[in-house]
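One letter stands for each residue in the lines below.
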Amino acid sequence: MTGARSDILLAVQAALQSPPLLEARNLERRFGAARALRGLSLSVQAGECHLIVGPNGAGKTTLLRLLAGLARPTAGTVVIEGGRRRIGLLSHQSQLYNELTAVENLAFAARLHGVADPARAARTCLTAVGLAERADDPVGKLSRGMVQRVAIAKALLHAPRLLLLDEPFTGLDLQATEQTLALLGAERAAGRALVLVTHDAQEAWDLATHAHLLVRGVWAFGGPREASLEHFLRRCREALRG
Amino acid sequence: MTDALVFPARRIVRRGLVLIVLGLLGLVLVYVLALRFTPTERFQGLPQKIFYVHVPAAWCALLAFSLVGIASILYLWLRDPRLDLFAESAAEVGLVFSVVMLTTGPLWGKPVWNTWWTWDARLTFTLILFFLFVGYRALRGAIQDPGERARFSAVVGILGLVLVPFVHLTVYLFRTLHPQPIVLKPSAPSLPWEMLRTLLSSLGVFTVLLLGFLLTRYGLAAEARLAGGDDAR
Amino acid sequence: MAEFLRVALAVAGKDVRVELRSKTALVSAIAFAALVLVIFNFARDAAAVSREMLAPSVLWITFSFSGVIALNRSFSLERENAALDGLLLAPVSRSALFLGKYLANLAFVFSVETVALPLFVLFFGVDLSGSLGGIILTAILATTGFVAVGTVFAAMTARTRFAELMLPLLVLPFLLPPVISAVQVTARLLAGRPLSEIAGWLRILGFYDLVFVTLCLLLFPPLMDE
């Protein structure tokens, strides 16, 4: 066999053998008669980035919270390879304490996650996102873009295999968005899996390997990402009209 | 799949209404019994007859409260929304009965002892129940998400149920240290047979009314939920 | 078990550190306690009611009301940036999270009481020699109980619109048994009554603590379980 074909074959074999990082089956979330989510399944492998788009109220945040283990599904299962320790969550809120410094915030998170030498791990992560000089500033004094970077550092602190992101670009200016995309791209290249919820497909399009549309609690369509953003948006518009 | 709430909602409302009608008829009979066929208490006179409404109302308030507590425990265990609806209904009905008890108290106290309010054990206890009911409803009204509302109310219901014996104990001990005129009694054992008979009849009728109101309220709320739209209570 | 405590202490430490940075809640609660004491001094008919008669009630109303005020901040700081999600995501027991919050709240309320007690002695001219130990013990017992319940309710009311109003509304009925007991004990201590008269009330306080701290530890995980 030629070199390229054997590479492809090996990659396919590897993908077939390794269990998905996240396997969600038939997730349902309801209370009484009101149903938020129905029959949702999702399978995420290492190195993939799944984009989930949908109108407001579609249930995107609920889905993410189910995947993160913050909420219990009424039916269905979520299996995370390696257990829930493998998850990092990044939302549009920072999950940080404004009165504490960046280092203190991260050291606390490290302690909760059982990371060895919390203080050092905190500084290392902050350096990795380029905030070494601001590490000892209270988070309340940092700009929104910097806060986002601290939040990313916190999400990555315990070396999660899977990153769940809920509207991570909200409130970020152009530069901060670029930085965030770069960081996420690096994580994906390093083999982490990403599930990214957004109402704007355009922002994270380049990052995505798969794209799904959620409408009123069910998948309208989804799968490996197509080449053209325009085509995808057109399919979304059609689905929403129907 | 139609919801488990659907099938009996109408039927429950109907059964509840039947019980209410029966209860109200029973109430009329009890009034006749109390006014005509029960001796008037020598010392207190006619106002004493409020006792036959006052005591059963307190009993129903406590019973309703216990139902809230039990439904709360079951809800946290089984997470069935119907249990939450049941607890909500029981709390509302219990609130009504506690208000009845708290208003008949002064109506009784003023003509007989010339005082609108006393801190006797039963009144104080029911007053606390009243505040717990109010707090329960207030919390429910302040939370939009139905799952969260059910969960939080259940915890309040359980904590409240456990609180009740402590309140009873400390208020009772407090009162034995600060005895006040023996008001709003007579206690059951020393009641003559005719009075006891009327009291027990009234107790039974009130319980029927409680169940009637409870079922009707539950059924109506279940229907409303199904009609889509979640009525935040 | 060690892990459980480690997490609880980490959370408690974090809470204390956050509060020490801003100090607003602590200072407000202490100021509130002082003001309540001042108002009590004027809100009585000096000719009809002596200070000694009123003292136990005043002390306990001050302690419990300022305690409730101090509890409000407990979960409002977790809501600010959805920090609570961060806590819930961590692979730690939710009861441990509760214990941490509870310990931090105890620290706050005890701090408020530590300032309020000397102020009380000052304003009300009460002689605490001989009864100080007993009063401190009573304060510890009573506070332990109501802070547990208050922490659970703070978690619930933090998400509501009128949290500052909802929390007292829900908590005050739960204050009744500890406050009744504590006032009885305090009155007897100040009057120099023998221990035998006090023991029963102290037992009630202890039993209340045991029941409610355990119950709150058990109820917190299902409470947080969305």
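Below is a short write-up of the structure. Counting starts from 1 at the beginning of each chain's written sequence and moves along it residue by residue. Chains carry letters from A onward and ligands carry numbers from 1 onward, assigned in written order. Local features in this predicted model are restricted to residues of pLDDT 70 or higher, and side-chain atom pairs are both shown and tallied only at a pLDDT of 80 or more, whereas totals for entire chains, interfaces and linings draw on every residue. The side-chain quantities take in all heavy atoms of the structure and omit both hydrogens and water.

How two aromatic rings sit relative to each other is set out by the distance from centre to centre and by the angle between their planes. Residues and elements named next belong to chain B. Side-chain rings of Phe, Tyr and Trp, where Trp is taken by its six-membered ring, are said to pair if the distance between their centres is within 6.5 Å; with planes under 30 degrees apart they count as stacked, over 60 as edge-to-face, and otherwise as tilted. With the rule as written, the count across this model stands at 22 aromatic pairs over all chains. Both rings, one in phenylalanine 51 and one in tryptophan 108, keep their centres 5.9 Å apart while their planes meet at 65°; by these two values the pair is edge-to-face. Note that phenylalanine 51 is positioned in helix H2 (residues 51-78) and tryptophan 108 in helix H3 (residues 81-113), a separation of 57 residues in sequence. Between the aromatic rings of phenylalanine 86 and tyrosine 218, the centroid separation amounts to 6.3 Å while the plane-to-plane angle is 70°, which identifies the pairing as edge-to-face. Working definition: helices are DSSP H or I runs of at least four residues, strands are E runs of at least two. Numbering for both runs from the N terminus.

A separate point is the sheet that holds strand S4 (residues 75-80) of chain A. Residues and elements named next belong to chain A. Read from one edge of the open sheet, three strands run S2-S1-S4, paired in antiparallel fashion. Taken across any chain shown, the strands that pair with only one partner, and hence form the sheet edges, are strand S2 (34-44) and S4. Ignoring which end each strand starts from, the neighbouring axes of this sheet average 20° apart. Here a strand pair is declared whenever DSSP counts at least two bridges between the two strands. Note: strand S1 (residues 22-31) against S2, seven bridges, orientation antiparallel. Here an angle of 0 to 180 degrees is reported between the N-to-C directions of two axes, which are lines fitted to C-alpha atoms, with helices fitted over the stretch in contact.

Here we come to the interface of chain A and chain C. By definition in these notes, contact holds between two residues if any of their heavy atoms fall within 4.5 Å. Contacts between the two partners involve 25 residues from chain A, matched on the other side by 27 residues from chain C. Salt-bridge detection follows one rule: a side-chain nitrogen of Lys or Arg within 4 Å of a carboxyl oxygen of Asp or Glu. The partner of C:Asp225 in a salt bridge is A:Arg72, with the nearest N and O atoms 3.1 Å apart. Throughout this description, a polar contact denotes any pair of N or O atoms lying within 3.5 Å of each other; where both atoms belong to protein, one of them has to be capable of donating a hydrogen while the other can accept it, and for residues adjacent in sequence the pair is counted only when both atoms sit in side chains. In this assembly, chain A and chain C are joined by 15 residue pairs in polar contact (both at pLDDT 80 or more). No other element matches the four residues that helix H3 (residues 102-112) of chain A contributes to the side of chain A that touches chain C. All residues other than Ala, Val, Leu, Ile, Met, Phe, Trp, Tyr, Cys, Pro, Asp, Glu, Lys and Arg, Gly among them, are scored as polar; the first ten of these are nonpolar and the last four charged. The residue inventory of the side of chain A that touches chain C, partitioned by class, reads nine nonpolar, eight polar and eight charged.

In this section: the interface of chain C and chain B. Taken residue by residue, the interface counts 30 residues in chain C and 30 residues in chain B. Interface area, chain C with chain B, both sides summed: about 2,600 Å², of which 84% is carbon and sulfur. At the junction of chain C with chain B, the criterion picks out one salt bridge. Between C:Arg159 and B:Glu148 there is a salt bridge whose closest N-O contact spans 2.9 Å. Accessible surface is computed with a 1.4 Å probe, and the buried area is the amount of it that two parts give up when combined, taken over both parts together.

Grid points spaced at 1 Å and placed over the protein atoms alone form the basis of the search, with a cavity being a set where a 1.4 Å probe fits but cannot get out and a pocket an open set showing protein on both sides within 12 Å along at least five of seven lines. Lining residues have an atom within 4 Å of a point. Grid points are joined across faces, edges and corners, and a volume is the space filled by probe spheres set on the points. Evaluation of the coordinates by the stated rule reveals five cavities of 30 Å³ or more. By volume, the largest cavity is sized at about 180 Å³. Lining the largest cavity are 19 residues; nearest its centre among them are A:Gln95, A:Ala109, A:His113, A:Lys154 and C:Gly86. Where the lining of the largest cavity is concerned, the elements lending two or more residues are strand S5 (87-91), H3 and helix H5 (144-156) of chain A together with helix H5 (83-89) of chain C. Here the second largest cavity defines a volume of roughly 70 Å³. B:Phe65, B:Val68, B:Gly69, B:Leu132, B:Phe133, B:Tyr136, B:Val156, B:Gly157 and B:Gly160 together form the lining of the second largest cavity. Taken together, the elements giving at least two residues each to the lining of the second largest cavity come down to H2, helix H4 (121-142) and helix H5 (146-177) of chain B. Class assignment of the residues belonging to the lining of the second largest cavity gives a composition of six nonpolar, three polar and no charged.

Below, the discussion takes up the environment of A:Ala75. Residues and elements named next belong to chain A. Along the chain, alanine 75 turns up in strand S4. Exposed residues in this analysis have more than 50% of their type's maximum accessible area, buried residues have under 20%, and partly exposed residues fall in between, with area computed by a 1.4 Å probe over protein chains only. By relative accessible area, alanine 75 is classed as partly exposed at 30%. Through-space distance from the C-alpha of alanine 75 to that of arginine 38 is 8.9 Å; in sequence the pair is 37 residues apart. Beyond its immediate sequence surroundings of up to four residues, alanine 75 is in contact with Asn26, Leu27 and Glu28.

What follows deals with a nonpolar patch on the surface. Note that patches include only residues with greater than 30% relative accessible area and no salt bridge, and the join distances are 9 Å for like charges and 5 Å for nonpolar side chains (Val, Leu, Ile, Met, Phe, Trp, Tyr). The accessible surface values rely on the Shrake-Rupley method and a 1.4 Å probe; as for residues, cover is taken only from the protein chains in view. Side chains of B:Val18, B:Val21, B:Leu22 and B:Leu25 sit close together on the surface and give an oily, nonpolar patch of about 370 Å² of accessible area. Here B:Leu25 shows up in helix H1 (residues 6-36).

Residue and element names in this part refer to chain B. Relative to the elements of secondary structure, alanine 61 occurs in helix H2. With relative accessibility at 0%, the residue alanine 61 sits in the buried group. For the pair alanine 61 and phenylalanine 133, spaced 72 residues apart in sequence, the C-alpha separation works out to 9.7 Å. Ignoring anything within four residues of it in the chain, the contact list for alanine 61 reads Gly94, Phe97, Ser98, Leu129 and Phe133.

Spatial relationships are all this shows, so hold off on functional conclusions.
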